[in-house]
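# Working through the structure, step by step
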Amino acid sequence: MLSKKQATAIIKSYFGKNPLECHSFYDASQRIDKICLYHDDFSEEIVDNNNKAAVDRESGYSYIDDITWDDLEMDDVFLRINHTDSFAGEQILYHKLHDVSAAGDQEKFEKRQQFLKENEKKRIEIEQNLFAIGKNKNDYYMMSFLKNTDKWKVGNEILMYIMQFLLVFFIVSFACTRLDIMGVGAVLTAFINISIYMRIKQKYEVFFESLGNFKNIYNFARWIVKDETLGDIFADDKTKASVEKLKRMTNAIVSFNTRKQGTMSGDLGSIVVEYLMAVTLIDVAAFNRTMKIIENKQTDVIGLIEFAGDIDAQISVLSYRQSMEGGWCRPEYNSEGISAEQLVHPLLGNPVANDFAVKTRAIITGANASGKSTFMKAAAINMLLAQTINTCTAKSFIASHMYVMTCMSLRDDVLSGESYYFREARYLKRMIDVIDSRNNVLCVVDEILKGTNTHERIAASKAILDYIAKDNCIALIATHDMELTETDLYNKFYFDSTVLNDDIVFDYKIHEGIGGKSNAIALLEILGYPKTIVERARRGAEV
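Quantities reported herein were computed from a predicted structural model and do not represent experimental measurements.

Tallying secondary structure elements over the protein chain gives 22 helices and 12 strands in all. Of all 543 residues assigned to the protein chain, the portion counted as buried reaches 52%. Of all intrachain contacts in the protein chain linking residues separated by at least 6 positions in sequence, the fraction that spans at least 24 positions is 75%. Here the protein chain displays about 26500 Å² of accessible surface, and carbon together with sulfur accounts for 52% of that area.

Dropping the structure here:
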């Protein structure tokens with residue numbers, strides 16, 4: 001456990017730095033499976049309630065799907081942004097990066113960003129308090145526990161009350177009568193109670209610990225609310241009301257945390273109290289009562305966790321902005337496609353920047369490794385970052401609000417038995433379904449239908465491209481099939497390469513028009529393939 005002084009040193013040293021290059025405290029790569037739990041629970045709840053996909057206009061939520069998230073390597077983007085100090089901050093930031101419906105809150109978002117930027121002392125103080133919440137591995141399950149309190153109540157309360165009554169009865173009877181049978185009954189009841197307590201504790205230990213740490217979250221929220229300046233900036237009336245409502249509850253659960261810490265440190269008094277609580281089942285009964293309180297005030301409890309996480313995520317975004325050596329911009333919105341100056345991919349070191357503008361749709365051609373896929377990912381990721389954290393890795397980024405869908409990083413799935421082509425066809429179908437059901441969709445497809453023979457690929461690709469050429473869709477399509485450029489429905493762009501001194505040189509710049517020399521055969525020659533293979537390949541390509 002870090003001291004406050006150590007925590008402050010970390011906060012000051014690593015703010016505005018790339019978290020992947022900082023102290024291991026910020027390295028979240030090994031706990032993505034826990035960080036995602038809040039988002040998974042939240043999105044599943046929306047799907048269950050609406051019986052629809054996460055793309056749901058009526059519910060007001062628009063989560064990008066898992067295929068798009070994986071195609072764009074958004075886990076890595078999250079890790080690059082993640083400068084959070086608490087488990088709640090990590091989970092809320094991860095969730096925010098999925099939700100493109102959050103764009104409407106950007107004015108409030110920027111007001112808070114400005115405050116944090118101009119008030120470094122306050123920002124450090126906030127981080128110190130977030131640091132106290134920490135990133136205990138069990139706390140990542142807190143949201144799931146709190147949303148399902150009915151599943152975590154200890155069963156058969158009547159039995160517990162009976163055992164408590166029997167213990168008191170035997171002890172009082174022995175004291176009054178001095179009968180050995182009463183003493184034996186008291187000892188046996190005590191052993192039974194201890195075994196019940198230990199069994200329950202083993203099953204619910206993670207939740208006991210998480211419940212105890214909620215006190216730290218409550219303390220943080222209460223501190224923000226009580227601070228006149230911070231309360232005006234960050235806390236709304238709902239948060240202030242929740243702090244008041246939960247005061248008695250947090251006093252009830254603080255004993256869990258205090259006693260646990262004392263027991264772990266070897267404090268004799270705490271150990272004695274622990275056994276006393278086990279014998280009397282007082283903790284188990286108190287736990288059940290607390291579960292009932294939480295069930296009645298679930299919205300307030302979860303709201304405070306989200307409140308703390310949201311502030312932590314805000315600080316993380318500010319740190320991310322300051323860490324970008326190439327600069328960043330706030331997005332602007334209009335209704336005419338995408339326009340960007342000096343657009344770069346957020347994960348690349350020393351990236352080549354590109355200017356790009358398209359009002360409707362674009363087909364992008366070019367040689368292997370010339371930059372097509374990276375550019376399209378940069379455009380799609382920035383479209384997400386614009387609508388989630390109001391931040392783009394470009395000098396300027398202008399677009400309409402769009403739901404992003406991709407079909408890019410495909411492979412055969414041996415376990416499911418799906419071939420490359422079958423999986424790609426299924427992914428494209430899910431994209432077509434969304435285009436048919438909602439407005440303003442950005443579709444990004446890399447090497448469309450490359451999993452089948454040339455004749456059918458060209459025919460099917462043309463049909464699909466014609467179909468998605470709708471007014472509600474901006475499409476970026478990368479292909480090696482020059483036949484697909486024979487259409488007036490798509491603007492044409494290309495990436496180029498040059499063979500120079502037995503090497504292939506790329507400028508990684510996007511150009512307007514049809515071009516991009518193929519380098520497939522040249523690459524064989526550079527790699528030292530036999531001349532007969534290279535020459536025969538060239539003759540075959542000329543036919």
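Now, onward.
In this section: the nonpolar core. One finds Ile-126, Phe-214, Phe-234 and Phe-397 to be the most contacted residues of the largest nonpolar core, which totals 125 residues. The element that contributes the greatest number of residues to this core is helix 17 (residues 298–323), accounting for 12 residues. Those residues within four positions of Ile-126 in sequence are excluded, and the remaining contacts are Leu-116, Phe-220, Trp-223, Ile-224, Leu-230, Phe-234, Ile-311 and Ile-315. Of all hydrophobic cores here, the second largest spans eight residues; its members include Met-163, Tyr-197, Ile-200 and Ala-278.

Using the criterion set out here, one finds one cavity of 30 Å³ or more in the structure. There is about 30 Å³ of room inside the largest cavity. Where the lining of the largest cavity is concerned, the elements lending two or more residues are helix 19 (420–437) and helix 20 (454–468).

A separate point is the pairing of strand 12 (residues 504–512). Across six bridges, the pairing between strand 11 (residues 491–499) and strand 12 is antiparallel. Note on strand 12: the bridge partner recorded for Phe-493 is Glu-512. In sequence, strand 11 turns back onto strand 12 through a hairpin of four residues, with Asn-501 there showing a positive phi of about 50°.

Another point: the sheet that holds strand 3 (residues 332–333). Strand order in the open sheet formed by four strands is 3-7-4-5, and the pairing between neighbours is mixed. Either end of the sheet is taken by a strand with one partner, and the two such strands are strand 3 and strand 5 (354–358). Relative to strand 7 (residues 396–399), strand 4 (residues 338–343) runs antiparallel, the two being bridged by four bridges. The residue bridging Glu-341 from the neighbouring strand is Ser-396, located in strand 7.

Those residues of helix 1 (residues 4–14) not exposed but buried are Ala-7, Thr-8, Ile-10 and Ile-11. Around the axis of helix 1, the buried residues are gathered within 160° of arc, so they sit on the same side. Seen from the open side of helix 1, the exposed residues pointing more than 90 degrees away from its buried face are Lys-5 and Lys-12. Looking at the buried positions of helix 1, the neighbouring elements they touch are helix 8 (120–133). One or two steps after helix 1, the chain reaches Gly-16, where phi turns positive at roughly 80°.

Turning next to the pattern of salt bridges. Pairing between side chains of opposite charge can happen when the charged atoms of each approach one another. Under the definition given, this model contains 18 salt bridges. The shortest N-O distance in the salt bridge between Asp-227 and Lys-122 comes to 2.5 Å. Here Asp-227 is found in the loop between helix 11 (180–226) and helix 12 (228–234), whereas its partner Lys-122 is found in helix 8, with 105 residues between them in sequence. Put simply, Arg-538 and Glu-525 hold a salt bridge, and the shortest N to O gap is 2.7 Å. Of the two residues, Arg-538 sits in helix 22 (residues 531–542) while Glu-525 sits in helix 21 (residues 520–526), which places them 13 residues apart along the sequence. Take Arg-538: its relative accessible area is 35%, and that puts it in the partly exposed class.

On to the pairing of strand 8 (residues 403–407). Burial analysis of strand 8 places five of its five residues in the buried class, which makes it a mostly covered element. Inspection of the sheet shows strand 8 paired to strand 9 (residues 441–446) by five bridges, in the parallel sense. By the bridge assignment for strand 9, Tyr-403 is matched with Val-441.

Turning our attention to the sheet that holds strand 11. Read across the open sheet, the six strands follow the order 8-9-10-6-11-12; overall the sheet is mixed. Among the strands making up the open sheet, the edge pair consists of strand 8 and strand 12. Neighbour-to-neighbour, the strand axes of the sheet open up by a mean angle of 15°, direction not taken into account. Sheet topology note: the strand 6 (residues 361–366)/strand 11 ladder contains five bridges and is parallel.

For the rest of this paragraph, the subject is the packing of helix 5 (residues 74–81) against helix 18 (residues 372–388). Close contact between helix 5 and helix 18 brings their axes to 12 Å; oriented N to C, the two are set at 50°. The angle between helix 5 and helix 18 falls in the class oblique. Crossing of helix 5 over helix 18 shows right-handed handedness. From helix 5, Met-74, Val-77 and Ile-81 reach across to helix 18, where they touch Ile-381, Leu-384 and Leu-385. For the contact of helix 5 with helix 18, a count of residues per class yields six nonpolar, no polar and no charged.

Attention now moves to the packing of aromatic side chains. As enumerated under the stated definition, the model contains 11 aromatic pairs in all. Ring geometry for Phe-78 and Tyr-94: centres 5.3 Å apart, planes at 85°, overall edge-to-face. Of this pair, Phe-78 sits in helix 5 while Tyr-94 sits in helix 6 (residues 87–96), and the two are 16 residues apart along the sequence. Here the aromatic rings of Phe-115 and Phe-234 are separated by 6.0 Å at their centres, their planes lie at 80°, and the arrangement is edge-to-face. One end of the pair, Phe-115, is in helix 7 (residues 106–118); the other, Phe-234, is in helix 12, with 119 residues separating them in the sequence. Feature note: the residues Phe-356, Phe-375, Phe-493 and Phe-495 constitute an aromatic cluster, connected by ring pairs.

Calculation notes
Residues numbered from 1 in each chain as written. Predicted model: local features only at pLDDT ≥ 70, side-chain atom pairs only at ≥ 80, totals over all residues. Heavy atoms only, no water. Helix = DSSP H or I, 4+ residues; strand = E, 2+ residues; numbered from the N terminus. Buried < 20%, exposed > 50% of the residue type's maximum accessible area, 1.4 Å probe, protein only. Contact = heavy atoms within 4.5 Å. Areas by Shrake-Rupley, 256 points an atom, 1.4 Å probe, with all protein chains shown as cover. Core = buried A, V, L, I, M, F, W, Y, C linked by side-chain atoms within 4.5 Å. 1 Å grid on protein atoms, 1.4 Å probe; cavity = no way out; pocket = protein on both sides within 12 Å on 5 of 7 lines; lining within 4 Å. Points joined across faces, edges and corners; volume = space filled by probe spheres on them. Pairing = 2+ DSSP bridges. Arc of directions from axis to C-beta. Salt bridge = Lys/Arg side-chain N within 4 Å of Asp/Glu carboxyl O. Axes fitted to C-alpha atoms, helices over the stretch in contact; angles between N-to-C directions. Parallel < 35°, antiparallel > 145°, perpendicular 65-115°, else oblique. Left-handed = near helix turned anticlockwise from the far one by under 90°. Nonpolar A, V, L, I, M, F, W, Y, C, P; charged D, E, K, R; others polar. Phe/Tyr/Trp six-rings, centres within 6.5 Å; stacked < 30°, edge-to-face > 60°.

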